[in-house]
Every structure is written in C-alpha cells, then in structure tokens.
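# Remarks on the overall topology
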Protein chains: 4
Amino acid sequence: MSLEPIRILVTGGTFDKEYNELTGELFFQHTHAPDMLKLGRCELEVEIETLMMIDSLQMTAANREMILERCLAAPERRIVITHGTDTMEQTAGVLGPRVEDKTIVLTGAMVPYTFGSSDGMFNLGTALAFVQTLPAGVYVAMNGRYFGWDSVKKNRELGVFESRD
Amino acid sequence: MSLEPIRILVTGGTFDKEYNELTGELFFQHTHAPDMLKLGRCELEVEIETLMMIDSLQMTAANREMILERCLAAPERRIVITHGTDTMEQTAGVLGPRVEDKTIVLTGAMVPYTFGSSDGMFNLGTALAFVQTLPAGVYVAMNGRYFGWDSVKKNRELGVFESRD
Amino acid sequence: MSLEPIRILVTGGTFDKEYNELTGELFFQHTHAPDMLKLGRCELEVEIETLMMIDSLQMTAANREMILERCLAAPERRIVITHGTDTMEQTAGVLGPRVEDKTIVLTGAMVPYTFGSSDGMFNLGTALAFVQTLPAGVYVAMNGRYFGWDSVKKNRELGVFESRD
Amino acid sequence: MSLEPIRILVTGGTFDKEYNELTGELFFQHTHAPDMLKLGRCELEVEIETLMMIDSLQMTAANREMILERCLAAPERRIVITHGTDTMEQTAGVLGPRVEDKTIVLTGAMVPYTFGSSDGMFNLGTALAFVQTLPAGVYVAMNGRYFGWDSVKKNRELGVFESRD
C-alpha cells in the first residue's frame with residue numbers, strides 16, 4: 001500500500017526496438033516506457049530515465065558500471081531496469097554484489113512492444129509489482145517469475161529464464 | 001524464487017468482454033486468461049478455473065459466497081481472481097475477513113483484452129507478481145498498485161483505484 | 001493512374017465507435033479516417049469531411065438528404081462515405097437515383113477500428129480503390145466486393161452484404 | 001457486381017515477415033493472406049497459392065519466370081501477387097509485356113502484417129478491388145494508388161511508390 005517512488009532506468013533491448021520500414025531493419029528510436037505506463041493506467045509515482053538505447057549484446061563493462069552508478073546515485077530505493085534479455089544476467093551479476101539497500105528488478109521482452117505479440121506489458125507489470133514487494137536485492141523478472149541475480153540464466157533454445165542451481 | 005502453484009479464478013468482467021459484430025454489443029464468450037499467459041510467456045505453474053462469466057454489476061451475494069468457497073477449497077495458497085472493476089471492492093470485502101492462510105489478489109481491466117488498448121496484460125502481470133510476494137491476505141491489484149481489501153475504493157470519475165482512508 | 005481528388009464524407013457507424021472505459025459503453029469521439037489513411041501510407045489526394053457521427057440506426061431522412069446535398073455540392077467527382085452497416089443500403093437508395101456524374105462508394109465496418117480485429121482498414125482500402133475505378137454511380141463496398149445501390153442488402157444473420165436479385 | 005474468381009499468388013516480401021523471438025531476426029514462416037482475408041470478412045472467391053517465400057531483393061530472373069508461368073497457367077483471369085516492395089517494379093516489368101488477357105495486380109507492405117502498424121490490410125484491400133475493376137494489364141497497387149507496370153518506381157527515400165514519367 002506504500003507508494004514509494006520508483007525509478008525506471010532504460011537501457012534499450014528488444015523491449016524498445018522498432019521496425020524501420022525504409023530499411024527493413026530493427027532500430028532504436030526512443031523508449032516506449034511512458035506509453036506502456038499509460039496503457040497500463042499506471043498510477044505509481046515513476047520517474048523514467050534513459051541511460052542508453054542499445055542491444056544488450058553490445059553492452060560493455062563500462063555500460064554496466066554506468067548502470068550501477070546510476071542505481072547507487074538514484075534517490076529512489078526501488079528501481080526497475082529495462083534491458084535486453086541476452087545479457088540481463090551479466091548486468092544483474094555486476095549489480096548484485098554491490099547494491100545493498102535497494103530493490104532492483106531487471107526486465108525485458110522477447111518481442112518488441114510495438115509489435116503485436118509482445119510480452120512487454122506483462123513483464124513491465126510483473127517488474128513494477130516485484131520492485132514494490134521484494135526485499136532489498138537485485139532480481140530478474142521474466143516469464144512471470146522473479147530470480148535472484150546469482151541464480152538466473154536465460155535458456156536460449158527455449159527463450160525462457162530459468163533458475164541456475 | 002519459489003514456484004508455488006497459483007490458481008486463477010475467472011469471474012468475467014471487462015477483462016473478458018468481447019464485441020459481438022452482429023449485434024454491436026459486448027458479451028462474454030470464454031476467458032482470455034490462457035491466451036494472455038501465453039502472450040506473457042508465463043512459466044508459472046497456473047491452474048485456470050472459470051467460476052462465472054458476468055459483469056460485476058450483476059454479481060450477487062450468492063456469487064460472492066461461491067467465490068469465497070472456491071478460494072477456501074482450492075489446494076493452492078496463492079490465488080488470483082479476475083473480476084469486473086465496478087464491484088471488485090465488495091468481493092474483496094467478502095473474502096477479506098474470512099480468508100486466513102492464503103494470498104488472494106483480485107484484478108481486472110478497464111478495457112477488454114481483445115480491444116487494442118487494454119490494461120489487461122499489465123494488470124495480470126502485476127497480480128501474478130503480487131500474489132507470489134505478498135503475505136497472506138486479500139488484495140486488489142490495479143493501476144500498478146496493490147491495496148488491502150479494507151482500504152480500497154474505485155474512483156468512478158477517474159476510473160482508477162485509490163486508498164480509502 | 002489518375003490522381004483525381006477524393007472526398008471522404010464521415011457519418012459515423014461502427015467504423016468510428018470507441019470504448020468508453022468509464023461507462024463500459026461504445027460512443028463516438030472523432031473520426032479515425034485520418035489515422036487509417038496514415039496507417040495505409042495512403043498517398044491519394046483525400047479531403048475528409050465529418051457530416052455527422054451517429055449510429056446508422058439513428059439516421060433520419062433529413063440526415064440522408066444532407067448527405068445527398070453534400071455529395072452534389074462537393075467539388076470532387078469521387079466520394080467515399082463511411083457509414084454504419086445497418087442502414088447503408090437505405091442511404092445508398094437515397095443517393096442512387098439522384099446522383100449522376102459522380103462515383104460514390106459507401107463503406108463501413110463490422111468491428112470498430114480501434115478494436116484489434118476490425119475489418120475497417122481492409123474496407124477503406126477497397127472503397128478507395130473502387131471509387132477510383134468504377135464508372136459514375138452509387139455503390140456499397142463491403143466484404144471485398146462492390147454492389148450497385150439497387151442490388152445490395154445486408155444479411156443480418158451472417159453479418160455480410162449480398163446481392164439482392 | 002461480378003464475382004469472378006481471383007487467385008492470390010504469394011511470393012513473400014515484408015508482408016509475410018515475422019519476428020523470430022529467439023534470434024531477434026525477421027524470417028518467413030507461412031503466408032498470412034488467409035488470416036487477412038478472414039479479418040477483412042472477405043467474401044470473394046479467392047484461391048491462395050504460395051509460389052515462394054522470399055525477400056524480393058533475393059528474387060532471381062528464374063523466380064520471375066516462374067511467377068509469369070503461374071500467371072499464364074492459372075485458370076483465373078484476375079490475379080493478385082503479394083511481393084516485396086524493393087523489386088516489385090522489376091517483376092511487374094517481366095509480366096507486363098507478356099500477359100494479355102488478364103488483370104494482374106502486385107501489392108505488398110512496408111511493415112509486416114504481424115506487427116501492429118502494418119499497411120498490409122489496406123493494401124490487400126486496394127489490390128483486391130483494383131483487380132476486379134481494372135482492364136486487362138499488369139499493375140502495382142501501393143499507397144492507395146494503382147500504377148501501370150511500365151510507369152511505376154519505388155522512391156526509396158520516402159518509402160512510397162510514384163509514377164515514372
């Protein structure tokens with residue numbers, strides 16, 4: 001019932017990819033997070049901040065440090081990070097050991113939001129709910145589930161996230 | 001990280017309304033919950049059970065007793081109820097004082113899932129996340145927020161749920 | 001290959017209905033014809049004029065006279081009329097005997113454009129194509145077909161338009 | 001008012017591309033033409049035949065000969081060809097001089113049908129209307145317009161089709 005403010009840090013990923021009809025290629029323009037919150041009739045106090053707009057396969061160690069810095073510097077104690085699914089567990093692995101008092105939830109999508117069949121709205125809903133209710137720590141929210149940062153891996157054959165034991 | 005089984009009890013509501021192109025009216029056919037879980041690439045262990053398919057303005061005290069009975073009888077300790085938004089707080093009010101060891105989350109939608117601009121996927125995502133993480137009790141999940149059963153009301157002018165103080 | 005200017009006269013109908021999420025009812029706000037032309041990447045010279053925004057079951061004889069007058073007064077020789085499907089044949093019947101030198105095509109939709117499963121884009125495409133290629137006369141374009149104004153009826157059981165012999 | 005049978009020859013193109021959520025790439029699976037006709041509530045007598053499923057940039061002279069052969073061999077006198085937009089004018093140029101008694105309309109889409117913002121439904125509507133009403137010849141239908149096979153070119157900067165003078 002709390003209404004603690006939440007920050008959404010946008011890093012790109014499939015979530016925000018769009019189709020360029022002139023080239024037939026996927027590209028990044030701007031984040032759809034505001035549209036998605038509006039579609040979800042979201043009444044949470046949310047601040048959206050775009051850190052980068054990249055495919056997570058292109059994400060460098062420096063990018064991950066920058067994400068970490070923004071998490072630590074943000075005034076909010078509850079942070080959702082939108083992220084490409086391919087290296088979400090790596091970024092979670094960078095944040096996990098170094099974030100203490102905050103609840104941070106990484107999420108993404110298997111299909112771009114602007115395409116018809118995206119899991120983006122569902123995932124964003126779960127991430128915003130988990131970030132309000134889970135204790136301090138770094139998590140990945142995908143497939144309706146949440147995973148601790150040190151126990152998650154993406155199954156690339158199936159395109160789903162699993163516990164790593 | 002637990003994967004406790006979840007039951008979704010379907011009662012109808014805007015969530016599941018469809019457009020009848022022969023009459024131009026809205027009607028109920030069957031629940032879209034399975035399609036929605038598939039679209040969300042949901043990997044939770046979910047059992048879907050349709051109790052009724054009605055507009056919540058039509059819901060009777062007997063209907064609410066039936067919902068309560070099914071909640072108590074269900075083997076799962078975590079239950080999501082899809083419900084029309086107009087009387088969601090009444091049903092929550094029937095369940096709240098009589099459910100003890102279970103986490104029950106009611107959710108719904110302002111726009112039918114089959115229409116383009118529905119909040120259904122977002123709300124279902126939040127409900128499934130809240131039901132995994134909130135302590136035993138009865139809650140309403142709408143607008144990205146959760147509310148205890150005894151402190152929620154729908155603001156009909158704005159179409160949003162608010163805390164009742 | 002001609003690019004004669006085309007006028008679209010908007011009268012309402014299912015085409016332009018929207019869902020009011022506060023009341024759960026369908027209503028008219030403004031026409032979606034401009035959005036639809038944009039989505040279709042339409043490069044025709046089109047002028048859109050809203051005459052009324054009503055369910056065609058509400059359409060009066062005076063409304064139909066007004067539509068006729070606008071057709072006769074319009075500078076364009078090619079006119080598309082968006083119209084509710086329930087009385088499309090009546091309006092066509094008013095226009096048919098009194099329009100001489102113009103090609104007029106009435107079209108509509110079985111499902112609102114703003115809902116996911118609308119036939120609106122397809123129907124608007126056919127109407128704009130028929131209006132460019134058919135000889136002077138009044139026609140109904142539905143279900144991919146065109147019908148002369150005096151030989152069309154809506155089959156209300158099936159929701160399709162048929163030839164009336 | 002005729003209901004002459006129509007054949008749709010499918011060759012692929014953006015029209016039928018889909019998003020592979022495991023690889024993040026676009027690919028071909030099967031044609032969406034049947035779904036699109038159903039969505040359009042199309043009541044024409046249509047036969048759909050898939051000739052190939054390729055990006056039109058990959059289309060060879062042999063592919064074009066095969067399309068020509070199928071056009072000539074088909075029992076129908078009215079044929080729609082779905083085709084990638086990048087080389088639509090080349091294929092039209094192969095068919096144009098060698099088809100006599102048939103009306104053939106090539107169409108395509110700038111955005112895949114399965115993505116939300118496709119022009120596919122609109123274009124298919126125009127193509128099916130033009131093919132019923134234009135005299136024998138080979139045409140391209142895009143952007144709501146039709147072009148003779150020997151007077152059309154795609155403006156790649158704007159992503160629209162224009163007359164070539």
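Before going into details, it helps to say that this report is about the structure given with it. (Residues numbered from 1 in each chain as written. Chains lettered and ligands numbered in written order. Predicted model: local features only at pLDDT ≥ 70, side-chain atom pairs only at ≥ 80, totals over all residues. Heavy atoms only, no water.)

## Thoughts on the interface of chain B and chain A
A common way to state how big an interface is: give the accessible area lost once the parts meet. At the junction of the two partners, chain B supplies 34 residues and chain A supplies 34 residues. Summed over both sides, the interface of chain B with chain A buries roughly 2900 Å², with 64% coming from carbon and sulfur. Taken together, chain B and chain A are joined by zero salt bridges. On the surface where chain B and chain A come into contact, there are nine residue pairs in polar contact (both at pLDDT 80 or more). Residue assignment for the side of chain B that touches chain A shows that the elements contributing at least two residues are helix H4 (120-133) and strand S8 (145-148) of chain B. A total of eleven residues in the side of chain B that touches chain A trace back to one element, the largest contributor, which is H4(B). Per-class residue counts for the side of chain B that touches chain A are 17 nonpolar, 13 polar and four charged. (Contact = heavy atoms within 4.5 Å. Buried area = accessible area lost by both parts, 1.4 Å probe. Salt bridge = Lys/Arg side-chain N within 4 Å of Asp/Glu carboxyl O. Polar contact = N/O pair within 3.5 Å; in protein donor to acceptor, adjacent residues only side chain to side chain. Helix = DSSP H or I, 4+ residues; strand = E, 2+ residues; numbered from the N terminus. Nonpolar A, V, L, I, M, F, W, Y, C, P; charged D, E, K, R; others polar.)

## Details of the relation of the copies chain B and chain A
For the pair chain B and chain A, the relating rotation is 180°, the translation along its axis is 0.0 Å, and the fit reaches an RMSD of 0.0 Å. Expressed as a symmetry operation, the mapping of one chain copy onto the other fits a two-fold axis. Most of the interface of chain B is mirrored in chain A, where 100% of its interface residues again form contacts. (Least-squares fit on C-alpha atoms with pLDDT ≥ 70 in both.)

## Digging into the sheet that holds strand S4 (residues 46-54) of chain A
Residues and elements named next belong to chain A. If you walk across this open sheet you meet the six strands as S4-S1-S5-S6-S7-S8, and the pairing is mixed. Only two strands of the sheet have a single partner each, and these edge strands are S4 and strand S8 (145-148). Along the sheet, successive strands turn relative to each other by an average axial angle of 20°, direction set aside. One ladder, built from four bridges, connects strand S7 (residues 137-142) with S8; its direction is antiparallel. In the sheet register, Tyr139 faces S8, and the bridge partner there is Gly148. (Pairing = 2+ DSSP bridges. Axes fitted to C-alpha atoms, helices over the stretch in contact; angles between N-to-C directions.)

## Re the sheet that holds strand S7 (residues 137-142) of chain B
All names here are of chain B. In space, the six strands of this open sheet follow the order S4-S1-S5-S6-S7-S8, with mixed pairing throughout. In this open sheet, the two strands that pair with only one neighbour each are strand S4 (46-54) and S8. Shown here is a sheet whose adjacent strand axes are inclined to one another by a mean of 20°, direction ignored.

## Section: the pattern of salt bridges
Using the criterion set out here, one finds 44 salt bridges over all chains in the structure. A salt bridge links A:Arg41 to C:Glu21; the nearest nitrogen and oxygen atoms lie 2.5 Å apart. Of this pair, A:Arg41 sits in the loop between helix H1 (33-39) and S4 while C:Glu21 sits in the loop between strand S2 (17-20) and strand S3 (25-28), placing the two residues on different chains. Owing to a relative accessible area of 14%, A:Arg41 belongs among the buried residues under this scheme. Here C:Glu21 falls in the partly exposed class, since its relative accessible area comes to 26%. Beyond isolated ion pairs, a larger network of salt bridges with shared partners links A:Arg7, A:Glu49, A:Arg70 and A:Glu76. (Buried < 20%, exposed > 50% of the residue type's maximum accessible area, 1.4 Å probe, protein only.)

## A look at the interface of chain C and chain B
Between chain C and chain B, the residue contacts involve 16 residues of the former and 16 residues of the latter. Buried area between chain C and chain B, summed over both chains or domains, comes out near 1200 Å², and the portion from carbon and sulfur atoms is 60%. Among the residues chain C hides against chain B, the three largest losses belong to C:Tyr19, C:Glu21 and C:Leu22. Together they make up 41% of the total. In this structure, the connection of chain C to chain B is made through zero salt bridges.

## Topic: the packing of aromatic side chains
Where two aromatic rings form a pair, the distance of their centres and the angle of their planes describe that pair. For the structure on display, the rule yields 14 aromatic pairs over all chains. Between B:Tyr19 and C:Phe115, the ring centres sit 5.5 Å apart and the planes meet at 80°, which makes this aromatic pair edge-to-face. Of this pair, B:Tyr19 sits in strand S2 (residues 17-20) while C:Phe115 sits in the loop between strand S6 (103-107) and helix H4 (120-133), on two different chains. B:Tyr19 sits in the buried class, given a relative accessible area of 12%. Here the aromatic rings of B:Tyr139 and B:Tyr146 are separated by 6.2 Å at their centres, their planes lie at 70°, and the arrangement is edge-to-face. Classification of B:Tyr139 by relative accessible area gives buried; the value is 8%. You can call B:Tyr146 buried: its relative accessible area is 11%. Members of the aromatic cluster, joined through ring pairs, are A:Tyr19, A:Phe115, D:Tyr19 and D:Phe115. (Phe/Tyr/Trp six-rings, centres within 6.5 Å; stacked < 30°, edge-to-face > 60°.)

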